[in-house]
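What the coordinates show
These are the residues of each chain, in order.
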Amino acid sequence: MARKLRNGLLILLAAVIMTFAAWMLWPRPLTGTLDLEGREISVSIVTTGWEEVRDEGNFYNRPAMDMERYTLPAGSEQSRAVLEKLDGYTWHPCWDTLTGETALSGIGDLSVTLYDSQDAERAFSVYSGTGKIWLNGRIVRLDYFGNGGAEALCRELAAILRGGSGVAN
């Protein structure tokens, strides 16, 4: 009797673990979660790096940052292109999501943030140096392995925004 109870508990524990793993790894659509369709989208692109400066005959490097801001009207060609690009990506929770972590490190030299100016909770940031993203106020994971998908999405969104006719602020 004790053996059957122990085996039953082990099977139940295995089922709980597998259900949790499936929930954590289940892909969720990025565009469905953001729900920016038909809304005006505010965008900021931040590029960071180093610039060489000459001061009194000496050369040194100092941090440099460039920020671009755009507003994409609802239904515009550019907003449709951005949402279409996001449509091919999914996200899933990660340990940072569960723990409520709020800091990201190693974000890289380029970041793109999209947000609804009417609803501050509806926001998305992707970074060229990490596969973790900000999505509606929490850190989640884009892709399953590595940072390649996030870096590609970051650069593709920046190219769409810089090449289009967004209204610069």
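Going by the structure above, here's the rest.
I will try to describe carefully the structure that is included in this document. (Residues numbered from 1 in each chain as written. Predicted model: local features only at pLDDT ≥ 70, side-chain atom pairs only at ≥ 80, totals over all residues. Heavy atoms only, no water.)

**Topic: the nonpolar core**
Counting residues in hydrophobic clusters, the biggest one holds 28 residues, and the most contacted among them are Leu 30, Leu 86, Val 112, Phe 124 and Val 126. Ignoring any residue separated from it by four or fewer positions in sequence, one finds Val 126 in contact with Leu 110, Ser 111, Val 112, Ile 133, Leu 142, Ala 150, Leu 153, Cys 154 and Leu 157. (Core = buried A, V, L, I, M, F, W, Y, C linked by side-chain atoms within 4.5 Å. Buried < 20%, exposed > 50% of the residue type's maximum accessible area, 1.4 Å probe, protein only. Contact = heavy atoms within 4.5 Å.)

**Observations regarding the side chain of Arg 141**
Along the chain, Arg 141 turns up in strand E8 (residues 138-142). With a relative accessible area of 13%, Arg 141 lands in the buried category. Arg 141 has contacts with Thr 90, Trp 91, His 92, Cys 94, Gly 131, Lys 132, Gly 146 and Asn 147, leaving out every residue within four places of it along the chain. (Helix = DSSP H or I, 4+ residues; strand = E, 2+ residues; numbered from the N terminus.)

**Remarks on unusual backbone geometry**
The backbone of Asp 35 shows a phi angle near 55°, a positive value even though the residue is not glycine. Relative to the helices and strands, Asp 35 is located in the loop between helix H2 (30-34) and strand E2 (41-55). Overall, the relative accessible area of 38% leaves Asp 35 in the partly exposed class.

**A few points about the state of the cysteines**
Inspection of the entire model under this criterion finds zero disulfides. Of all cysteine sulfurs, the one in Cys 154 lies closest to Cys 94, which takes part in no disulfide; the gap is 17 Å. Its relative accessible area of 10% is what places Cys 94 among the buried residues. Cys 154 sits in the buried class, given a relative accessible area of 0%. (Disulfide = S-S within 2.5 Å.)

**Details of the packing of aromatic side chains**
Tallying each qualifying case throughout the model produces two aromatic pairs. Taking the centre distance of 6.2 Å and the plane angle of 35° together, the rings of Phe 20 and Trp 95 count as tilted. A residue pair is termed long-range when its members are at least 10 positions apart, and Phe 20 in helix H1 (residues 2-25) and Trp 95 in helix H4 (residues 95-99) qualify at 75 residues. Classification of Phe 20 as partly exposed rests on a relative accessible area of 38%. Among the aromatic residues, those joined into a cluster by ring pairs are Phe 20, Trp 23 and Trp 95. It is Arg 28 that lies over the ring of Trp 23; its NZ or CZ is 5.3 Å from the centre. (Phe/Tyr/Trp six-rings, centres within 6.5 Å; stacked < 30°, edge-to-face > 60°. Lys NZ or Arg CZ within 6 Å of the ring centre and 35° of its normal.)

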